Amino acid sequence: ILQGYLEPFQLSLEKLQEVSHRLRRDMTRGLGKHSHHNAPVKMLPTFVRATPDGTEKGDFLALDLGGTHFRVLHVRVVEEEQKVLKMDSQICTIPTDMMLGPGQQLFDHIAACLGDFISSRNLKGQTLPLGFTFSFPCEQKEIDKSILIRWTKGFKCSGVEGEDVVKLLKEAIQRRGDYEIGTVAMVNDTVGTMMSCGYRDQSCEIGMIIGTGTNACYMEEMKNVKRVEGEDGRMCINTEWGGFGDDGSLKDIQTTFDVMVDEASVNPGVHMYIRLL
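Everything numeric in this text was worked out from a predicted model, so none of it was measured.

**Quick notes on unusual backbone geometry**
One non-glycine residue with positive phi stands out, namely M43, at about 50°. With respect to the element layout, M43 can be found in the loop between α2 (13-31) and β1 (44-45). Residue class for M43 comes out buried when judged on its relative accessible area of 1%. Even without a glycine there, the phi angle at H271 is positive, about 60°. In this structure H271 comes out as buried when scored by relative accessible area, which is 6%.

Put into structure tokens, the structure is as follows:
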């Protein structure tokens, strides 16, 4: 009986290779100038054009939002005998009702937690640049302008999809009025992972997340990124491969359990690849 339940989860090497071919096809579609609109794997440009080269230094704030908890960090990059990365962080929770309520309430909560962190670390009065890791599918327009395509991972806040999340964060901070932040760099968690590792190993050009969801980024040749003008150099691409299968291309390997989990989620039919994992 147990084997009968397990059998649908056991894919042959040939089937896995076929799925890999489908993913590669959809990634190519996502990079295309005209085909990306209907591609389930969005292949989003990040406007990050290079990995760290070792010359970076200074004090920075960071927000890492991607699940039921988010982190606020103070990062100090100093130069002594060699480069050292020092971090001080605090974890904040997001109540379930806030994940499903008004977007303004969510961003006010984030701004409040950031303000508490700044006060507790005696950073008030300093205007530090902020790195904002927002781990949801976004259409990046510039390094500090990113439009939420859709919520995933149990979030369904109103008034955020289709809006610039950097702008929403800045407005929440302005409503408080008790601290300021400097320039904001918006990145996906895969990009942040790649950059943090790349700081120690400059050969690192892929970032991958396996957690509440799954996603990956990598450095792509600009000549292959048809959605952005120019062919010189490279750019980091946020694949958003969690959307792989949203067009029904993985139905042949879905189990009854995958269907049940999807139907019970707050975002049914979205990020089918995550459900399968």
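Once you've had a look at it, read on.
**Quick word on α2**
The first and last C-alpha atoms of α2 sit 27 Å apart over 19 residues, in line with the 27 Å expected at 1.5 Å per residue. Within the sequence span of α2, burial applies to V19, R22, L23, D26, G30 and L31. Lining the buried residues of α2 we find β10 (214-221) and β11 (234-238).

**Quick look at the domain arrangement of the protein chain**
Under the domain assignment, the protein chain is made up of domain 1 (9-47 + 205-275) and domain 2 (58-190). The C-alpha centroid of domain 2 is placed 25 Å from the C-alpha centroid of domain 1. The partner domain 2 presents 20 residues to the 20 residues of domain 1 that form the contact. Between domain 1 and domain 2 lies a buried interface of about 1500 Å² when both sides are counted; carbon and sulfur atoms form 57% of it. Considering only the side of domain 1, the residues that lose the most area to domain 2 are F47, V266 and N267, jointly responsible for 29% of the buried surface there. Across the domain 1-domain 2 interface, the total number found is two salt bridges. Put simply, R227 and E139 hold a salt bridge, and the shortest N to O gap is 2.9 Å. At the level of elements, β1, β9 (206-210) and β10 are the ones that each hand at least two residues to the side of domain 1 that touches domain 2. Here the side of domain 1 that touches domain 2 takes three residues from β10, the largest share from any one element. Residues belonging to the side of domain 1 that touches domain 2 are distributed by class as follows: eight nonpolar, nine polar and three charged.

Reading the values: rules and limits
What you see as residue numbers is a count from 1 along each chain, following the sequence as written. Local features in a predicted model are, by the rule used here, given only for residues with pLDDT of at least 70; side-chain atom pairs are given and counted only at 80 or more, and totals for whole chains, interfaces and linings are based on all residues. Side-chain measures here rest on the full set of heavy atoms in the structure, leaving out hydrogens and waters. Only runs of H or I of at least four residues qualify as helices and only runs of E of at least two qualify as strands under DSSP, and these elements are numbered from the N terminus. Exposure is judged per residue with a 1.4 Å probe applied to protein chains only, and the accessible area is read against the type maximum: over 50% gives exposed, under 20% gives buried, and values in between give partly exposed. For a helix, the expected span equals 1.5 Å multiplied by the number of residues minus one. When checking whether two residues touch, look at their non-hydrogen atoms; a contact exists if any pair is within 4.5 Å. An automatic or database domain assignment provides the domain bounds reported here. Accessible area that two parts lose when put together, with a 1.4 Å probe and added across both, is what the buried area reports. By convention in these notes, a salt bridge is any Lys or Arg side-chain nitrogen within 4 Å of a carboxyl oxygen on Asp or Glu. By the convention adopted, Pro, Cys, Tyr, Trp, Phe, Met, Ile, Leu, Val and Ala count as nonpolar, Lys, Arg, Asp and Glu as charged, and the other residues, Gly among them, as polar.

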